[in-house]
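# Notes for the structure review
Listed here are the chains, written in short residue letters.
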Amino acid sequence: MTSSRSDAPAPRRTLTAAVVQASAPLFDTPAALRRAEELVREAVEERGAQVVVLPEAFLGGYPKGLDFGVVVGSRSPAGREVFRRYHDAAIEVPGPEVAALAALSGELGCHAVVGAVERRGGTLYCVALFFGPDGYLGLHRKLMPTAAERFLWGQGDGSTLPVVDTGAARLGSAICWENYMPLFRTAMYAKGVDLWCAPTVDDRDAWQATMRHIALEGRCFVLSACQFLRRDGLPADLHPVQGDAPDTILIGGGSVIVSPLGEVLAGPLRDGEGVLTAELDLDELGRARFDFDPVGHYARPDVFTLHVDTSARGAVVAK
């Protein structure tokens, strides 16, 4: 008697992910776009990546070490001019840069999460842009800019918390110190995030503990892409507080890929630009969730509940 059941193991479900550690020229949006396109293409064509994550504010720039002439109660004319340049370098959504990246992801058949600075009227937002084989898929606006970022960027609202289904896994994003917001994380876990994308400029060693904690807490893969920026990556007429020596490191990297049980699969990358890749075993998601699901069998909804306002909060509502 023969059995119809196959004894062969099920084929592994895998996905190759890449995190890019680099920076783009500040105040030069065409050059930043070219750099983003080159890096996404390299990750896909040379390294086989199906999902690519670029750092926080890659398009538009992260002006590390600049004070924009701000002191409590006063802004300087020179600082206003630096902000004008920053405002002009930001991108609009939709806009030509988004269209170009959408065309690229369509050509390559990949998914990408790209950090950018969005210009919407007189306000800038730090955003993560989502792209896939079908083009532009949406954005997430950073909910809470940190410290001095607050005089550069506005606050996002609950209407831009997307989770994108790639067919193989679900992508979500938390930008830099949003990763420290427990309720934000809980809201995203409830959306079923499998690949937690963390564009950042946080290069501290302590960041690594946060990335491993989120992987364990969310039982998800974590893809953290950090900038690597030297002084000579800023225009010569700017003077960051770290000093003007060309090789002064302003943002030191630390990009990393972590498994759902907290194992570091690639990185952290230090001391230069580069692309990290890892083959993700998607069956690890199910294995990891066996004994912990923060919004399921480990949630205790009889004790704890979270209400999330996902409505758009515009200043002017036309009816």
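For the structure itself, look to the data block above.
The following paragraphs examine the structure supplied in this document. For clarity, every value in this text was computed on a predicted model and none was experimentally measured.

### What to know about the pairing of strand E11 (residues 221-226)
Here E11 lies mainly inside the structure; 6 of its 6 residues are buried. Side chains Phe221, Leu223 and Ala225 project from E11 onto one buried face, and the interleaved Val222, Ser224 and Cys226 project onto a second face that is buried too. Looking at chain direction, strand E10 (residues 195-200) and E11 are connected through 6 bridges and run parallel. Across the sheet, residue Thr200 finds its bridge partner in E11, namely Cys226.

### What about unusual backbone geometry?
For the bond from Val93 to Pro94, the omega torsion is 0°, close enough to zero to count as cis. Within the secondary structure layout, Pro94 lies in the loop between helix H2 (77-89) and helix H3 (96-108). Put simply, Gly267 and Pro268 share a cis peptide bond, and its omega is -5°. Among the structural elements, Pro268 can be located in strand E14 (residues 264-270). Phi is positive for Phe68, close to 55°, though the residue is something other than glycine. Position of Phe68 relative to the elements: it lies in the loop between strand E2 (51-53) and strand E3 (70-71). At Asp271, a residue that is not glycine, the phi angle is positive and equals roughly 70°. By the secondary structure assignment, Asp271 is in the loop between E14 and strand E15 (274-281). The class for Asp271 is exposed, based on a relative accessible area of 69%.

### A short note on the pairing of strand E5 (residues 111-120)
Most of E5 is tucked away: 9 of the 10 residues are buried. Strand direction decides the pairing type here: E2 and E5, joined by 3 bridges, are parallel. Bridging across to E5, Val52 finds its partner in Ala112. For E5 and strand E6 (residues 123-132), the ladder comprises 9 bridges, and the chain directions are antiparallel. In the sheet register, Gly115 faces E6, and the bridge partner there is Ala128.

### Details of the packing of helix H1 (residues 29-46) against H3
When two helices pack together, their arrangement is given by the angle between the helix axes and by the axis-to-axis distance. Two elements in contact, H1 and H3, have axes whose closest approach is 11 Å; the angle formed by their N-to-C orientations is 15°. Comparing the axis directions of H1 and H3 gives the class roughly parallel. Of the two possible hands of crossing, H1 and H3 adopt the one that is right-handed. Residue-level contacts link Thr29, Leu33, Ala36, Glu37, Val40, Arg41, Val44 and Glu45 of H1 to Glu97, Ala100, Leu101, Leu104, Glu107 and Leu108 of H3. The residue inventory of the contact of H1 with H3, partitioned by class, reads 8 nonpolar, 1 polar and 5 charged.

### Concerning the packing of aromatic side chains
Applying the stated criterion across every chain yields a total of 10 aromatic pairs. A centroid spacing of 5.4 Å and a plane angle of 80° characterise the contact between Trp177 and Tyr180, whose relative ring orientation is edge-to-face. Judged by relative accessible area, Trp177 falls into the partly exposed class, the value being 36%. Through a chain of ring-to-ring contacts, the aromatic side chains of Phe27, Phe68, Tyr86 and Phe151 assemble into a single cluster. Here Arg141 stacks its cationic end above the ring of Tyr125, 4.9 Å away from the centre of that ring.

Reading the values: rules and limits
Residues numbered from 1 in each chain as written. Predicted model: local features only at pLDDT ≥ 70, side-chain atom pairs only at ≥ 80, totals over all residues. Heavy atoms only, no water. Buried < 20%, exposed > 50% of the residue type's maximum accessible area, 1.4 Å probe, protein only. Helix = DSSP H or I, 4+ residues; strand = E, 2+ residues; numbered from the N terminus. Pairing = 2+ DSSP bridges. Axes fitted to C-alpha atoms, helices over the stretch in contact; angles between N-to-C directions. Parallel < 35°, antiparallel > 145°, perpendicular 65-115°, else oblique. Left-handed = near helix turned anticlockwise from the far one by under 90°. Contact = heavy atoms within 4.5 Å. Nonpolar A, V, L, I, M, F, W, Y, C, P; charged D, E, K, R; others polar. Phe/Tyr/Trp six-rings, centres within 6.5 Å; stacked < 30°, edge-to-face > 60°. Lys NZ or Arg CZ within 6 Å of the ring centre and 35° of its normal.

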